[in-house]
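Examining the three-dimensional arrangement
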Amino acid sequence: ALRAASVAERPRVWVSQPLFDDIVSRLHAYFDVVQAPDVREHDEAAIAAALREVDGALVTLNERIGEREIASAPKLRAVANVGVGYDNLDVGALQSRGIVATNTPDVLTETTADFGFALMMAAARRITESERHLRGGKWTGWNFKGLLGADLHRSTLGILGMGRIGQGIAKRASGFDMQVLYHNRSRLPADVEGAYKASYVDFDTLLARADHLVLVLPYSPQTHHIVDAAALAKMKPTATLTNIARGGIVDEAALAEALGSGRLAAAALDVFEGEPAVDPRLLALDNIVLTPHIASGSLSTRRAMVTLAVDNLIAALGAGPDAGRPPT
Ligand code: DGY
């Protein structure tokens, strides 16, 4: 028989920032919810304090959770990340404490691939630069040779990281008759390569042959600054680089230098190493599109991400429909 849990028995969870109240409110059926009042980047001390009394946490990439944060969280059993990337979590530290960590794959794949494609196109066709030109009152009339960009159609697309989102970008590229090359930790099975008409190449070949290179790989110590000055030097001077993964994958100083010197035609970044700070050397350039980490940001996808993270937290804490009841 179902039993009404007393308030004292109810697990407690921390929600690190306001999400969608109507979705997060499902947590109230099972847990006491401690809701952070506004969007902020909690520092280490604030996260440690927030985790001290809780059994679970619903967090975003703004919250870094590692050894130090969990050291003072004796009851913590689950961390549900709202996002597919989880480099903000020290998975090893969490695992060694037996804390379950979850993320939100799949639900954001298509939205993020849409945005990656849009950014690549914006960089290649100089869309934001052209708009600044117009808004800045610099447009003096139709100009045959003004603001000429590079084509996407029938060009060679390079995808670094051929997971779900990389495959989503490859799928879109086929409608543009692009040749798709990819590099990945492991080569995809032949039938998957066939489905996306994608050819596996080594990293250097990808750099050398791509007209448009898109980064869609996880961030880790192994991928830190994998696109550095040496990698950029291997790219075509006419190429574009788009990053929708994590800022730390690209050496931003080297990118600014390559874009400023004409070594690389254009870039588009949705992610930055020191978010929300953006390197002033990038801000000073015209041949770069800069967006504030919004690739998964359609309303329906952000709602789906929170829904999945809430489901994950409920499942991880073992609070299925029979496990607890709202207090009466
Ligand atoms: C992710 O999910 O990893 C994104 O960076 C935020 O949606």
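Residues numbered from 1 in each chain as written. Predicted model: local features only at pLDDT ≥ 70, side-chain atom pairs only at ≥ 80, totals over all residues.

Topic: the domain arrangement of the chain
By a frequent convention, interface size equals the accessible area lost on bringing the separate parts together. As far as domains go, the chain holds domain 1 (7-106 + 300-316) and domain 2 (109-290). Taking only C-alpha atoms into account, the centre of domain 1 sits 32 Å from that of domain 2. In this assembly, 5 residues from domain 1 lie in contact with 7 residues from domain 2. (Domains from an automatic or database assignment. Contact = placed C-beta atoms within 7 Å.)

Some details on the UniProt feature "domain: D-isomer specific 2-hydroxyacid dehydrogenase NAD-binding" (unreviewed entry) in the chain
UniProt records the feature "domain: D-isomer specific 2-hydroxyacid dehydrogenase NAD-binding" (unreviewed entry) for residues 117-295 in the present numbering. Note that residues 117-295 is 34% helix and 16% strand, and that its end C-alpha atoms are spaced 10 Å apart. (UniProt positions renumbered as here; feature names shortened; annotations may be inferred. Helix = DSSP H or I, 4+ residues; strand = E, 2+ residues; numbered from the N terminus.)

Remarks on the sheet that holds strand 11 (residues 266-269)
Within a sheet, adjacent strands bond to each other through the backbone by hydrogen bonds, running parallel or antiparallel. Pairing is parallel in the open sheet, where 7 strands are placed in the order 8-7-6-9-10-11-12. A single partner strand is all that each edge strand has here, and the edge strands are strand 8 (198-200) and strand 12 (288-290). In this sheet, neighbouring strand axes are inclined to one another by 20° on average, regardless of whether the strands run parallel or antiparallel. The pairing of strand 6 (residues 156-160) with strand 7 (residues 179-183) spans 5 bridges and is classified as parallel. (Pairing = 2+ DSSP bridges. Axes fitted to C-alpha atoms, helices over the stretch in contact; angles between N-to-C directions.)

Focus on the nonpolar core
Judged by nonpolar contacts, the single largest core of 56 residues is most densely connected at Ile 159, Val 180, Val 216 and Ala 267. Here this core gets 8 residues from one element, more than from any other, and that element is helix 5 (residues 109-124). Leave out the neighbours within four places in its chain, and Val 180 touches Leu 157, Ile 159, Ala 170, Ala 173, Tyr 196, Lys 197, Ala 198 and Ser 199. (Core = buried A, V, L, I, M, F, W, Y, C linked by C-beta atoms within 7 Å. Buried ≥ 20, exposed ≤ 12 C-beta atoms within 10 Å, placed from the backbone.)

Here we look at the packing of helix 5 against helix 7 (residues 164-174)
Direction vectors running N to C along helix 5 and helix 7 enclose 55°, while the axes themselves pass 8 Å from each other. Accordingly, the angle class assigned to the pair helix 5 and helix 7 is oblique. For helix 5 against helix 7, the interelement crossing comes out right-handed. Note on element contacts: helix 7 touches helix 5 through Arg 164, Ile 165, Gly 168, Ile 169 and Arg 172, opposite Thr 109, Glu 110, Thr 112, Ala 113, Gly 116 and Phe 117. A breakdown of the residues in the contact of helix 5 with helix 7 according to their chemical character gives 4 nonpolar, 4 polar and 3 charged. (Parallel < 35°, antiparallel > 145°, perpendicular 65-115°, else oblique. Left-handed = near helix turned anticlockwise from the far one by under 90°. Nonpolar A, V, L, I, M, F, W, Y, C, P; charged D, E, K, R; others polar.)

Some words on the site of the ligand
Every residue near the ligand is listed here: Leu 61, Gly 83, Val 84, Gly 85, Leu 108 and Ser 296. Residue composition of the shell around the ligand, by class: 3 nonpolar, 3 polar and no charged. (Near = placed C-beta within 6 Å.)

Focus on the pairing of strand 7
With 4 of 5 residues buried, strand 7 is to be regarded as a mostly interior element. As for the winding sense of the linkage, the β-α-β connection from strand 6 through helix 7 to strand 7 is right-handed. Taken together, the 3 bridges between strand 7 and strand 8 define a ladder with parallel strand orientation. When the sheet's bridge partners are listed, Val 180 is paired in strand 8 with Ala 198. Handedness of the strand 7-helix 8 (residues 190-196)-strand 8 crossover: right-handed. (Right-handed = clockwise from strand over helix to strand, strands pointing away.)

Here we look at the sheet that holds strand 1 (residues 12-15)
Ordered in space as 2-1-3-4-5, the 5 strands form an open sheet in which the pairing is parallel. In this open sheet, the two strands that pair with only one neighbour each are strand 2 (32-35) and strand 5 (100-102). When the angles between neighbouring strand axes are averaged without regard to direction, this sheet yields 15°. Along the sheet, helix 13 (residues 299-316) makes contact with strand 1, strand 3 (56-59), strand 4 (78-81) and strand 5, crossing strand 4 at roughly 170°.

Things to note about helix 13
With 18 residues, helix 13 extends 26 Å from end C-alpha to end C-alpha; this agrees with the ideal 26 Å at 1.5 Å per step. Looking at the packing, one finds that the buried side of helix 13 touches strand 1, helix 1 (21-24), strand 3, strand 4, strand 5 and helix 5. Backbone geometry just downstream of helix 13 places Gly 318 in the positive-phi region, at approximately 70°. (Expected span 1.5 Å × (residues − 1).)

Some remarks on the environment of Phe 115
Along the polypeptide, Phe 115 turns up in helix 5. Along the sequence, Phe 115 and Ile 294 sit 179 residues apart, while their C-alpha atoms lie 8.2 Å from each other. Phe 115 has contacts with Ile 244, Asp 270 and Ala 295, leaving out every residue within four places of it along the chain.

Quick look at the environment of Gly 297
For Gly 297, the location among the structural elements is in the loop between strand 12 and helix 13. Through-space distance from the C-alpha of Gly 297 to that of Phe 115 is 8.8 Å; in sequence the pair is 182 residues apart.

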